[in-house]
Every structure is written in structure tokens, then in C-alpha cells.
Amino acid sequence: MAPSPTGNLHVGLARTFLFNWLFARGSGGECLLRIENTDTSREVAESVDQIQRSLAWFGIEWDGPVTFQLDRMTHCQEVARDLVVKNVAYEDEGAIRFRMPGEGATCYTDLVLGRIEVQNEALEDLVLVRSDGRPTYNFASPVEDWLDGITHVVRGPDHISNTLKQIRILEALGAPVPEYAHVPNINGGDGKKLSKRHGATSLEEFRHAGYLPDALVNFLALLGWSYDDRTTIMSREELIERFSFDRVGASPATLDYQKLDWMSGVYLRDLPPERYADALVSYLHEEGYDWDDELVRRAAPLVQEKITKLGEFPQFAGFFFRDVQPDGDLGDGVVLREAERVLDRVEPFTAEKIEAVLREMAERLELQPRKAFQPVRIAVTGSKVSPGLFESIELLGPERTLARIRAAQA
RNA sequence: GGCGCAUUCGUCUAGUGGCCUAGGACACCGCCCUCUCACGGCGGCGGCACGGGUUCGAAUCCCGUAUGCGCCUCCA
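These numbers come from a predicted model, not from an experiment.

### Considerations on the confidence of the model for chain A
Alright, step 1. Within chain A, residue pLDDT values average 93, and 99% of them lie at 70 or more.
Alright, step 2. Confidence metrics for the complex model read pTM 0.95 and ipTM 0.95.

### Details of the packing of aromatic side chains
Alright, step 1. In the structure shown here, the tally under the stated rule is 15 aromatic pairs.
Alright, step 2. Seen in terms of ring centroids, Trp-57 and Phe-58 are 6.5 Å apart; in terms of plane orientation they differ by 25 degrees. Their pairing is stacked.
Alright, step 3. Ring geometry for Phe-206 versus Tyr-257: centroids 6.4 Å apart, planes at 5 degrees, classification stacked. Here Phe-206, found in helix H6 (residues 203–209), pairs with Tyr-257, found in helix H9 (residues 257–270); they are 51 residues apart in sequence, far enough to count as distant. The same class applies to Phe-206 and to Tyr-257, which are both buried.
Alright, step 4. Following the ring pairs from residue to residue traces out a cluster consisting of Tyr-289, Trp-291, Phe-313, Phe-319, Phe-320 and Phe-321.
Alright, step 5. Above the ring of Tyr-227, the side-chain terminus of Arg-242 is found at 4.3 Å from the ring centroid.

### As for the layout of surface pockets
Alright, step 1. Its volume calculated, the largest pocket comes out at about 1300 Å³.
Alright, step 2. Every residue lining the largest pocket is counted, 49 residues in all, and those nearest its centre are Ala-2, Leu-13, Thr-16, Val-154 and Arg-155.
Alright, step 3. Within the residue set of the lining of the largest pocket, elements represented by two or more residues are helix H1 (11–26), helix H4 (137–147), strand E8 (152–155) and strand E10 (186–187).
Alright, step 4. Among the elements that line the lining of the largest pocket, the one with the most residues is H1, at 8 residues.
Alright, step 5. When its residues are assigned to classes, the lining of the largest pocket shows 20 nonpolar, 20 polar and 9 charged.
Alright, step 6. Estimates place the volume of the second largest pocket at around 330 Å³.
Alright, step 7. Considering the residues around the second largest pocket, the lining is formed by 17 residues, among which Tyr-211, Leu-212, Pro-213, Ala-279 and Leu-310 are closest to the centre.
Alright, step 8. Every element with two or more residues in the lining of the second largest pocket is listed here: helix H7 (213–221), H9 and helix H10 (273–286).
Alright, step 9. When residues of the lining of the second largest pocket are assigned to their parent elements, the largest contribution, 6 residues, is made by H10.
Alright, step 10. Its residues placed into classes, the lining of the second largest pocket shows 9 nonpolar, 2 polar and 6 charged.

### What to know about the pairing of strand E6 (residues 114–119)
Alright, step 1. Across 6 bridges, the pairing between strand E5 (residues 105–110) and E6 is antiparallel. Considered in E6, the bridge of Tyr-108 is made with Ile-116.
Alright, step 2. Turn length for the E5-E6 hairpin, with the two strands adjacent in sequence and antiparallel, is 3 residues.

### Description of the protein's contact with RNA strand B
Alright, step 1. Around RNA strand B, 57 residues are found, and the nearest of them are Ser-4, Arg-130, Gly-224, Lys-306 and Arg-359.
Alright, step 2. Expressed as a percentage, the sugar and phosphate content of the atoms of RNA strand B within 4 Å of the protein is 73%.
Alright, step 3. Ser-131 places a main-chain nitrogen or oxygen 2.9 Å from a base oxygen of RNA strand B.
Alright, step 4. Arg-377 has a polar side-chain atom sitting 2.6 Å from a base oxygen of RNA strand B.
Alright, step 5. Counting only elements with at least two residues in the surface near RNA strand B, the list comes to strand E4 (95–98), E6, H4, helix H5 (160–173), strand E11 (253–254), H9, helix H15 (369–381) and helix H16 (389–396).
Alright, step 6. For the surface near RNA strand B, the leading source of residues is H15, giving 5 residues.
Alright, step 7. When its residues are assigned to classes, the surface near RNA strand B shows 18 nonpolar, 16 polar and 23 charged.

### Observations regarding the pairing of E8
Alright, step 1. Note: E8 against strand E9 (residues 179–182), 4 bridges, orientation parallel. Residue pairing in the sheet places Val-154 in a bridge with Ala-181 of E9.
Alright, step 2. Following the backbone out of E8, through H5 and into the adjacent parallel E9, one traces a crossover that is right-handed.

### Some thoughts on the pattern of salt bridges
Alright, step 1. The final tally for this structure, using the stated rule, is 25 salt bridges.
Alright, step 2. Glu-117 is the salt-bridge partner of Arg-115, the closest N and O atoms lying 2.9 Å from each other.
Alright, step 3. Residue class for Arg-115 comes out exposed when judged on its relative accessible area of 56%.
Alright, step 4. Put simply, Asp-261 and Lys-309 hold a salt bridge, and the shortest N to O gap is 3.0 Å. Linking Asp-261 in helix H9 with Lys-309 in the loop between helix H11 (293–303) and helix H12 (313–317), this pair joins segments that are 48 residues apart in sequence.
Alright, step 5. Among the residues examined, Asp-261 registers a relative accessible area of 18% and is labelled buried.

Conventions we followed
- Counting from 1, residues in each chain are numbered in the order their sequence is written.
- Working convention: letters from A go to chains and numbers from 1 go to ligands, in the order in which they are written.
- It should be noted that, the model being predicted, local features are given only for residues of pLDDT at least 70 and side-chain atom pairs only at 80 or more, the latter also being counted only at that level, while totals for whole chains, interfaces and linings use all residues.
- By convention in this description, side-chain values take in all heavy atoms of the structure and omit both hydrogens and water.
- Summary of the metric used: pLDDT quantifies the predictor's per-residue confidence within the range 0 to 100.
- Each Phe, Tyr or Trp ring, with Trp reduced to its six-membered ring, pairs with another whose centre is within 6.5 Å; inter-plane angles below 30 degrees give stacked pairs, above 60 give edge-to-face pairs, and intermediate values give tilted ones.
- For the purposes of this entry, the term helix denotes a DSSP run of H or I that reaches at least four residues, the term strand denotes a run of E that reaches at least two, and both are numbered from the N terminus.
- Each residue is placed in one exposure class: buried if its accessible area under a 1.4 Å probe, protein chains only, is under 20% of its type's maximum, exposed if it is over 50%, and partly exposed if it falls in between.
- For a lysine, the NZ atom is tested; for an arginine, the CZ atom; a charge sits over a ring if that atom is within 6 Å of the ring centre and within 35 degrees of the ring normal.
- A cavity, in this analysis, means grid points on a 1 Å lattice covering only the protein atoms where a 1.4 Å probe fits yet has no way out; a pocket is instead an open set bounded by protein on both sides within 12 Å along at least five of seven lines, and a residue lines either one if it has an atom within 4 Å of a point.
- Grid points are joined across faces, edges and corners, and a volume is the space filled by probe spheres set on the points.
- Put simply, Ala, Val, Leu, Ile, Met, Phe, Trp, Tyr, Cys and Pro go in the nonpolar bin, Asp, Glu, Lys and Arg in the charged bin, and everything else, Gly too, in the polar bin.
- Strands are labelled as partners when DSSP assigns at least two bridges between them.
- Whether a residue is near a molecule or strand depends on its heavy atoms: it is near if one of them lies within 4 Å of it.
- Under the rule applied, a polar contact is a pair of N or O atoms within 3.5 Å (in protein, one hydrogen donor and one hydrogen acceptor; residues adjacent in sequence only if both atoms are side-chain atoms).
- For crossovers, right-handed means that the path from the first strand over the helix to the second runs clockwise, given strands pointing away from the viewer.
- A pair is scored as a salt bridge if a Lys or Arg side-chain nitrogen falls within 4 Å of a carboxyl oxygen belonging to Asp or Glu.

Here you go:
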């Protein structure tokens, strides 16, 4: 994996990383992290940091130390000089250029796309080393592949034409030519490149929205790859075991946020209650909420079935942690008055008892349960949509519940 | 412009000449369940870009057209 050190880790790149990793782990190989830097600024360091943080969250680890392209600069220069000596490269205004053959064709078999062939006359002599001494990407990359003993190069389709050039360089060097897999891009909903206006685009944003890394891994794995005609939910282990390039498609995919949300919900609901609470607590900390951990943990089971991403929690269950303004129809006041009266006497204050007295009240008032409960819900939770009403009231406790019902009547 | 790649329901995809009156999932619509929402169950809508070939037979093979994307930097 060889990202450029530019800001946040984009999902498209993350998906390509994922394929790299799945393949490496599934075939007993190693997975390297190489930074394609052309300078050594502070921004590079920060960017590399950010990339590593994102990958760590994503749950993708690599083998060995992170290497930097620029560190191999002198080695590249030496290799280039050898090529000049061998007369396959030449000096040109201070730069070193590679001599492309004028006839014949260059071809290779792509693990995803099949046989790719280009007439050599379409390939132009390319700069290996700039006049200031820095190697170009198209030179440094194959040299590093050789140096690192890379057997498989997995990258985006924008590199197809680079691959042909790099193969020629590798052959001139007498180096082994790795296998190449060009995996399709991920687009936004309009067929255009994925951008901000389509939604989250960097791993950080998905984390921020409250998706579980496992859910995102599963979802992204299915963008451009499939196991069969019906399997969608797969653990990392299953993905590693099942992944193969011959089942990677060639056409670009669109990121469907609705499907991601569905899958996110599947993973969230599948978590054991204790782990769900853990995830919620640490998510809220990350997002800067100072809500009581114990209360969050007790609220967790009430929302686990209800929300599809952790980011919905503050909106959906915020009424446990802060005062609310009722937003909705509170009815003619009869229900609230009665609710206040019966709830005041509930003992013990448990969901079961609360439900019993409220249902009894509904019957007495000759109201359908839904009609009777809705004003109470709105008064207590502030919203027409909430976790289960009785459980919510229990957790909120008698004082706050009654205070809210009174306030709503004022 | 040149070269390359791609094109199956709205979206992700299965499909490698007969199993396809094209299967699954998400979304959407309807019904059921139900304290709201969600979950779950049942049902429905919906697609092989277009045109030629090859073949007894094509979503699948070939050619062309269209559309989209990528590359054509001393960018990565």
C-alpha cells in the first residue's frame, strides 16, 4: 500500500487498501506501507500520522516499518545511472530519461482486467530522475517494488498506463515483474467521482458518523467484489478466507449510503449488550460528550435495536442527559394530567409497573394505547420518536419524569 | 485528439452459450406485528445501453455506435 501523504484517507483508497490486505492475509503474504512522498514537510508527517490512525481504526495492520519514497532517492539515482551506462536511458537537459522502444507492444495480464496490451509507439520516453535529482513516481515506484520484493501490486485503474511504463523499466533493470491488479474506482451517486456533496468520503468522517469499522470493512469489501450471489454479511476472517481477485469486477461502483446504514445497523444489533455499551461510551467520548458513562450504559440497551449508527444516539437518546422542549402535539391535557397522577404513585418505579398503570389509564380514558402514550412520550422525551416509552420513563426516574410532565402542562 | 478501461433492476451485485419468462441484497411501495421509531414476517415494483453479426440457441462470443471514466506532467 503506497498512499501519497495527502490529508485524510479517502474511502476509495481505503477500499483499495482493504483488497491489498485481504489478499495478503489470505495468501500468507506481507502487507507493506510505503509513503509516496516527494518532500519531507511537517504536513507530510501529520498526514502520515493521520493515515496510520485511520488504518488502525479500520483494523488494517501492515508488516514491518513504514518506508518513505524519498529515503530511496540516492538508490534511485544510482540505478538510473546504470541505465544510462547500459544506454537504455539518456541525459536530457539535466534529467535522465528512459528510452521506450519505438516498435512492438507491451502487455501483461491484469489479475482483474485480463490481458492489457499497448503498442509501444504510444509510450513516450519518460523522465526517471528530474534535473534536481529527485526520482519521478514512475521510476521510484518500480525500483521500490523491486527493493521490497513486491509480488503483487494492487491499485486504482488510473495506474493502468503507468503499469505499462513500469513494466518496461523493470525489464530493463532485469528485475522481476510483479503481478498487477487494477481495482475499480468508487463513485458518488451521480457517476462522478466521490466528493463531499455525496456524503462522508474520508475514513475519519465515517468514524465520526458512528459506523463500526467491521461494518465498513464488510460494506467496502462488497464494492467491486462479491463472494457469491447471496452472501452479504461476512466477518473479517470470512472475507480474508474468501477474497480473490478473480471475483473482483472491472466496473466502478457507487457508494450507497442507505445500504451502508442498513449494514451498520446489522452489526450494531449483533453486538453483545456489554460491547455495544462499550462502543457507545467510547464513541461519545471521542465526540466530546461528557455524559455520565453509567447512564449511557443503562440507555444503551434501549437504543440498540433502534439506531443504525452510533452518531444517532445524541439526537435519539439525548433526553436522558439534558432537558428537552416538547416537540409535537400534547393533546388536550387530560392525558398528561392523568399520567402525572398515576405515575406519581407507581411503586416500584419499573418499566413493568409503569406500563401497567399507563395501559390502565388508557383503558379508563377509552383511548387507543397509541393515542394515550404519544402525549406522554412527547412530554417526557421531547420527541414523537423515542426508545421504548416505559423503559425510558424508568431510566429517567420519577422526579425528572414528573417534572417534565408538569412542565408540559404549564 | 490519441490510447486504454468500463456498461445487468434507482444502488451493490449473481451470471463465463442452453439451468434466465435474469437470482440475491439495499432502497422504495403495500400488508402484518406494534406505545412512536426500529426490528421481524409476507407480498409487490423494477434491469441485460443501442445496432449489427456468429450460433439450432446470446446477458454471456465478435464488430460498430453511444455514454461514462482514466491516462497522455521533470504530479502521485
